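Architecture at a glance
Each chain is listed here by its residues.
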Amino acid sequence: MSDFLTVFAFFLIIEGLVYALAPLVLVELAKRLPYVPEHQLRLAGLTSVAIGVGLVWLLRG
């Protein structure tokens with residue numbers, strides 16, 4: 001459980017840094033997001049999940 005909370009804390013830190021350091025970039029991304037095809041968003045999400053799982057596997061293995 002503490003690993004999960006640690007990961008969640010890092011997620012909040014990274015998310016907060018994006019809003020604090022590059023808010024205009026985030027706004028522009030949000031404006032363009034509706035025009036990205038659904039299959040590209042899905043592929044990007046699945047790729048991110050696969051990379052994340054791979055990193056956890058490498059770090060924990």
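So, a few notes on the structure that sits alongside this text. Note that the structure is predicted; figures quoted are calculated from it, not measured. Within any chain, residue numbers begin from 1 and follow the written order of that chain's sequence. Per-residue local features are limited, in this predicted model, to residues with pLDDT of at least 70; the limit for side-chain atom pairs, both in listing and counting, is 80 or more; totals at the level of whole chains, interfaces and linings are taken over all residues. Water and hydrogen atoms were dropped before computing side-chain values, which therefore reflect all heavy atoms in the structure.

1. Notes on the overall build of the protein
Only runs of H or I of at least four residues qualify as helices and only runs of E of at least two qualify as strands under DSSP, and these elements are numbered from the N terminus. When helices and strands are tallied, the protein shows three helices and zero strands. Shown N-terminal to C-terminal, the secondary structure of the protein runs as helices and strands in the order α-α-α. Computation of the radius of gyration draws on C-alpha atoms alone. For the globule rule, the value is 2.2 Å times the number of residues to the power 0.38. Relative to the 2.2 N^0.38 estimate, which gives 10 Å for 61 residues, the radius of gyration of the protein is 15 Å and therefore markedly larger than a compact globule would have. By its C-alpha atoms, the protein is 40 × 30 × 15 Å across when sized along the principal axes.

2. So, the environment of Leu59
The residue Leu59 is located in helix H3 (residues 38-60) in this model. Here the term buried applies to any residue with accessible area under 20% of the maximum for its type, exposed to any over 50%, and partly exposed to those in between, with areas from a 1.4 Å probe on protein chains only. We classify Leu59 as exposed; its relative accessible area is 74%. Separated by 21 residues in the primary sequence, Leu59 and Glu38 place their C-alpha atoms 32 Å from one another.

3. What about the pattern of salt bridges?
Between Lys or Arg on one side and Asp or Glu on the other, a salt bridge is scored when a side-chain nitrogen of the former is within 4 Å of a carboxyl oxygen of the latter. Summed over all chains, the structure comprises three salt bridges. Between Asp3 and Arg60 there is a salt bridge, with the nearest N and O atoms lying 3.0 Å from each other. Of this pair, Asp3 sits in helix H1 (residues 2-21) while Arg60 is found in helix H3, placing the two residues 57 residues apart along the sequence. When its relative accessible area of 44% is taken as the criterion, Asp3 is described as partly exposed. For Glu28, the salt bridge is made with Lys31, and the minimal N-O distance between the two is 3.7 Å. With Glu28 and Lys31 both in helix H2 (residues 23-32) and three residues apart, the pair spans about one turn of that helix. Taking relative accessible area as the criterion, Glu28 reaches 37% and is therefore assigned partly exposed.

4. Focus: a nonpolar patch on the surface
Patch construction takes residues with relative accessible area above 30% that form no salt bridge. Like charges are linked within 9 Å, and nonpolar side chains (Val, Leu, Ile, Met, Phe, Trp, Tyr) are linked within 5 Å. To measure how exposed things are, a 1.4 Å probe is used in the Shrake-Rupley method; for residues, cover is taken only from the protein chains shown. Together, Met1, Phe4, Leu5, Phe8, Phe11 and Leu12 make up an exposed nonpolar region whose accessible area comes to about 700 Å². With respect to the helices, strands and loops of the structure, Phe8 is situated in helix H1. Judged by its relative accessible area of 43%, Phe8 is partly exposed.

5. Points about the environment of Gly16
Its place among the elements puts Gly16 in helix H1. Given a relative accessible area of 34%, Gly16 falls into the partly exposed group. Along the backbone, Gly16 and Thr6 are ten residues apart, and their C-alpha atoms lie at a distance of 15 Å.

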